Amino acid sequence: MLLNLTSPLADAVMLKPDDAVGISFFAIMMAMIAASVFFFLETQRAKGKWKTSLIVAGLVTMVAAWHYSYMREMWAGSYSKTGVGESPVVFRYIDWLITVPLQMIEFYLILAAITKVSSGIFWRLMIGTLVMLLGGYLGESKEGAQWGYFAIGMAGWAFILYEIFAGEASKVCATSASAGVQKAYSTLRLIVSVGWALYPLGYVVGAMADPVGSQEANLNLIYNIADVVNKIAFGAIIWSIATADHDE
Ligand SMILES: *C/C=C(C)/C=C/C=C(C)/C=C/C1=C(C)CCCC1(C)C
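Before going into details, it helps to say that this report is about the structure given with it.

Rules of the game
- Numbering of residues starts from 1 in each chain and follows the order in which that chain's sequence is written.
- Where totals are concerned, whole chains, interfaces and linings use all residues; where local detail is concerned, this predicted model gives features only for residues with pLDDT of at least 70, and gives and counts side-chain atom pairs only at 80 or more.
- The basis for every side-chain value is the complete set of heavy atoms in the structure, and neither hydrogens nor water enter the calculation.
- Secondary structure elements follow DSSP: runs of H or I no shorter than four residues count as helices, runs of E no shorter than two count as strands, and numbering proceeds from the N terminus.
- Throughout this description, buried means an accessible area under 20% of the type-specific maximum (1.4 Å probe, protein chains only), exposed means over 50%, and partly exposed covers the range between.
- The contact rule is simple, with two residues in contact once any of their heavy atoms fall within 4.5 Å.
- By convention in these notes, a salt bridge is any Lys or Arg side-chain nitrogen within 4 Å of a carboxyl oxygen on Asp or Glu.
- Aromatic pairing here means that ring centres of Phe, Tyr or Trp (its six-membered ring) are within 6.5 Å. Orientation follows from the plane angle: under 30 degrees is stacked, over 60 is edge-to-face, and everything else is tilted.
- Convention adopted: a line fitted to C-alpha atoms gives each axis, helices being fitted over their contacting stretch, and angles between N-to-C directions are expressed from 0 to 180 degrees.
- For classification purposes, angles smaller than 35 degrees are called roughly parallel, those larger than 145 roughly antiparallel, those between 65 and 115 roughly perpendicular, and all remaining angles oblique.
- A crossing counts as left-handed when the near helix is turned anticlockwise from the far one by less than a right angle, and as right-handed when that turn is clockwise.
- Throughout, the ten residues Ala, Val, Leu, Ile, Met, Phe, Trp, Tyr, Cys and Pro are labelled nonpolar, Asp, Glu, Lys and Arg are labelled charged, and all others, Gly among them, are labelled polar.
- Only heavy atoms are used to decide nearness, and a residue is near a molecule or strand if one of them lies within 4 Å of it.
- All accessible-area figures derive from a Shrake-Rupley calculation using a 1.4 Å probe, and residue coverage is judged against the displayed protein chains alone.

### Observations regarding the environment of Tyr 79
With respect to the helices and strands, Tyr 79 occurs in helix α2 (residues 49–82). The exposure class of Tyr 79 is buried, given its relative accessible area of 17%. It is 8.2 Å that separates the C-alpha atoms of Tyr 79 and Gly 22, two residues lying 57 residues apart in sequence. In contact with Tyr 79, not counting residues within four places along its chain, are Lys 16, Asp 18, Asp 19, Val 84 and Gly 85.

The structure is reproduced here in structure tokens:
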């Protein structure tokens, strides 16, 4: 027995030493807490608009930390009783429903701080996010039709990618942004294209599995690693630019 934590929600959940996924939920929860404290405190060193960007980065990791606590409990609770973890699909998607729009707000904030940006950019990013997550949620929570819903989710993601690579947002950035903003923008763009690609990969691994197979564990491991990259590393990149950029 590695840990024995009590929670107001359930009986004590034992984290088994061979439960790699459960341990990853626990470890990443701690990392998310540490990252949040760090980003919030570092706002003191950042200048002007970058403070807001750091606060948003800290909110993303803080919201995730809380969800990781619930997700660990659900997974490890089932694993310790039956030897098979239960995928915390609902908690996962509630987390994403809050944190992904926050990251879209980050894009908008970075652009809006330097120039006048149409609210259309903001709404298009939000609509793309909702379609992407709704498709994924329906695909993961309903039996059958997984690939149809996957296609809907991919379409939402493609819509976001179009906006930030070729749409109005990219044009605003190219024509009016300072060097610091350009750097922040292109880094965020890399996160949303390359970093985010881990999520559909996890979905595919999960969709090809039988519901109680080991693939369910792989899906959660991939999503967890993806969250480390796209929430903590994402925030760390914002932080490095925010604290280096003293001219704005
Ligand atoms: C902090 C959480 C983040 C950044 C979550 C991002 C989630 C995605 C990019 C999910 C993408 C998906 C698709 C592109 C297709 C359908 C399945 C999803 C929802 C896993």
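Okay, back to it.
### Things to note about the pattern of salt bridges
For the structure shown, the criterion picks out 5 salt bridges. Its salt-bridge partner being Glu 42, residue Arg 45 comes within 2.9 Å of it at the nearest N-O pair. Between Lys 231 and Asp 227 there is a salt bridge, with its nearest N and O atoms 3.1 Å apart. Taken together, the positions of Lys 231 and Asp 227, both in helix α9 (residues 215–244) and 4 residues apart, correspond to about one turn of that helix. Its relative accessible area of 4% is what places Lys 231 among the buried residues.

### Regarding the packing of aromatic side chains
In total, this model carries 15 aromatic pairs according to the counting rule given. Measuring from ring centre to ring centre gives 5.4 Å for Tyr 108 and Phe 122, while their planes differ by 65°; the resulting arrangement is edge-to-face. You can see Tyr 108 sitting in helix α3 (residues 89–112) and its partner Phe 122 sitting in helix α4 (residues 119–141), a full 14 residues away along the chain. Across the pair, Phe 122 and Tyr 108 agree in class, each one buried. Here the aromatic residues Tyr 93, Trp 96, Tyr 137, Tyr 199 and Tyr 223 are joined through ring pairs into a cluster of three or more.

### Brief notes about the packing of α3 against α4
Interhelical geometry of α3 versus α4 gives an angle of 165° and a closest axis separation of 10 Å. By the angle class used here, α3 and α4 are roughly antiparallel. Relative to α4, the crossing made by α3 is right-handed. Of α4, the residues touching α3 (which contributes Val 89, Val 90, Tyr 93, Trp 96, Leu 97, Val 100, Pro 101, Met 104, Ile 105, Phe 107 and Tyr 108) are Ser 119, Ile 121, Phe 122, Leu 125, Met 126, Thr 129, Leu 130, Met 132, Leu 133, Gly 136, Tyr 137 and Glu 140. Across the contact of α3 with α4, the residue classes tally to 19 nonpolar, 3 polar and 1 charged.

### What about the site of the ligand?
In the vicinity of the ligand, 18 residues are found, and the nearest of them are Val 100, Gln 103, Trp 196, Tyr 199 and Lys 231. Relative to its unbound accessible area of 530 Å², the ligand is 100% covered by the protein chains. Breaking the shell around the ligand down by element, the ones donating at least two residues are α3, α4, α5 (146–165), α8 (198–207) and α9. With 5 residues, α3 is the largest single contributor of residues to the shell around the ligand. A class-by-class count of the residues in the shell around the ligand yields 12 nonpolar, 4 polar and 2 charged.

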